[in-house]
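Listed below, chain by chain, are the residues.
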Amino acid sequence: LFRSKEQSQAFERLAAYDTGRFNLGGGDQPEALDGALISADLFPVLGVNPVLGDSLRPEHEQPGQNRVALISNGLWLRRFGADKNVLGKTLMLDGNSYTVSGVMPANFNFPEKAELWIPLAFSPDEVKDRSYNHLSVIGRMKPGVSLQQAQMEMSTIANSLAQQYPQSRSE
């Protein structure tokens, strides 16, 4: 993704995400939630902002600075009773503490069924490790760029990466 962002001329922004299941602890009722690990550009690519609080920032993609979470409107209603003071509260996800930094709009549903979003954060060693290939990528094309142009550009970048890193190519 990082190299694609640098090489792309067809897209205003590119973002990555991976879906996952998280165990929300604390409170009276632990629950399993569908969620997503996301790059900071995901919400701008989709043209959506939290209705309460802040979106992710690029620094949240750094290990140690990634312990923030945005929550769905449904989770905010169900778990926090629509408390407008939810920002800064702690969520226990899979035994790790995250700070609530925002609440997403009621009609926001991406990826499908997600109720929380936390930042993707890769250490420099993980960025160099080409074996993690489970991310989905989404982009916003620049005005005037056709779908065919964007597809050609992404194919060219993908082919270049496949030649540069043949050992990490997934079939």
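Quick notes on the rules
- Residues numbered from 1 in each chain as written.
- Predicted model: local features only at pLDDT ≥ 70, side-chain atom pairs only at ≥ 80, totals over all residues.
- Heavy atoms only, no water.
- Helix = DSSP H or I, 4+ residues; strand = E, 2+ residues; numbered from the N terminus.
- Buried < 20%, exposed > 50% of the residue type's maximum accessible area, 1.4 Å probe, protein only.
- Contact = heavy atoms within 4.5 Å.
- Areas by Shrake-Rupley, 256 points an atom, 1.4 Å probe, with all protein chains shown as cover.
- Phe/Tyr/Trp six-rings, centres within 6.5 Å; stacked < 30°, edge-to-face > 60°.
- Polar contact = N/O pair within 3.5 Å; in protein donor to acceptor, adjacent residues only side chain to side chain.
- Core = buried A, V, L, I, M, F, W, Y, C linked by side-chain atoms within 4.5 Å.
- Salt bridge = Lys/Arg side-chain N within 4 Å of Asp/Glu carboxyl O.

Q: Describe the overall build of the chain, and please don't skip the residues or the numbers.
A: Broken down by element type, the chain carries five helices and eight strands. Listing the helices and strands of the chain from first to last along the sequence gives α-β-β-α-β-β-α-β-β-β-α-β-α. By residue count, 38% of the 171 residues in the chain fall in the buried class. Nonlocal contacts in the chain, meaning residues at least 24 apart in sequence, comprise 71% of its contacts between residues at least 6 apart. Only carbon and sulfur atoms are counted for the fraction: they give 47% of the accessible area of the chain, which is about 9,900 Å².

Q: Got a sec to walk through the side chain of Ser 55? Specific residues and values, please.
A: Summarising the element assignment, Ser 55 is placed in the loop between strand E3 (52-53) and strand E4 (68-71). When neighbours within four sequence positions are excluded, Ser 55 is seen to be in contact with Phe 43, Pro 50, His 60 and Leu 70.

Q: Can you tell me about the packing of aromatic side chains, naming the residues and giving the values?
A: Considering all chains together, one arrives at four aromatic pairs under this definition. Between Tyr 17 and Phe 110, the aromatic rings sit 5.1 Å apart at their centres with planes inclined by 70°, giving edge-to-face as the arrangement. Taken together, the residues Tyr 17 in strand E1 (residues 11-25) and Phe 110 in the loop between strand E6 (96-103) and strand E7 (116-119) connect sequence positions 93 residues apart. With 6.1 Å between their ring centres and 75° between their planes, Phe 43 and Trp 117 make a pair best called edge-to-face. Taken together, the residues Phe 43 in helix H2 (residues 42-46) and Trp 117 in strand E7 connect sequence positions 74 residues apart. Classification of Phe 43 by relative accessible area gives buried; the value is 1%. Accessibility expressed as a relative area gives 0% for Trp 117, which makes it buried.

Q: Just give me the short version of the environment of Gln 65, but keep the residues and values in it.
A: Counting through the fold element by element, Gln 65 comes out in the loop between E3 and E4. Here Gln 65 is in contact with Glu 59 and His 60, once residues within four sequence places are set aside.

Q: Quick one: what's the story with the side chain of Ser 39, residue by residue and with numbers?
A: Mapped onto the elements of the fold, Ser 39 is located in the loop between strand E2 (31-38) and H2. Take Ser 39: its relative accessible area is 3%, and that puts it in the buried class. Within polar-contact distance, the side chain of Ser 39 engages the backbone nitrogen of Ala 16 at 2.9 Å. Those residues in contact with Ser 39, other than ones at most four positions away along the chain, are Ala 15, Ala 16, Glu 61 and Leu 120.

Q: An account of the environment of Pro 63 is needed here, citing residue identities and associated values.
A: With respect to the helices, strands and loops of the structure, Pro 63 is situated in the loop between E3 and E4. With a relative accessible area of 44%, Pro 63 lands in the partly exposed category. The sequence separation of Pro 63 and Leu 120 amounts to 57 residues, and the corresponding C-alpha distance is 8.8 Å.

Q: Account for the nonpolar core, naming residues and giving values.
A: In terms of nonpolar packing, the biggest core is built from 17 residues, with Ile 71, Trp 76, Val 86, Leu 91, Leu 93 and Ile 118 touching the most fellow members. Of all the secondary structure elements, the ones that give two or more residues to this core are E1, E4, helix H3 (73-80), strand E5 (90-93), E6 and E7. Residue contacts for Val 86: discarding those within four places in its chain leaves Leu 52, Ile 71, Trp 76, Phe 80, Val 100 and Val 103. Judged by nonpolar contacts, the second largest core, of 16 residues, contains Ala 40, Leu 42, Leu 56 and Ala 114.

Q: Kindly report on the pattern of salt bridges, identifying the contributing residues and their values.
A: If you walk through the whole model with that rule in mind, you get seven salt bridges. Among the ionic pairs, Glu 31 bridges to Arg 79, the shortest N-O distance being 3.1 Å. Pair noted here: Glu 31 is in strand E2 and Arg 79 is in helix H3, with a separation of 48 residues, a long-range link. Residue Glu 31 is classed as partly exposed on the basis of its relative accessible area of 23%. On the basis of relative accessible area, Arg 79 is assigned to the partly exposed category, the value being 23%. In this structure, a network of salt bridges that share partners links the residues Glu 31, Arg 78, Arg 79 and Glu 115.

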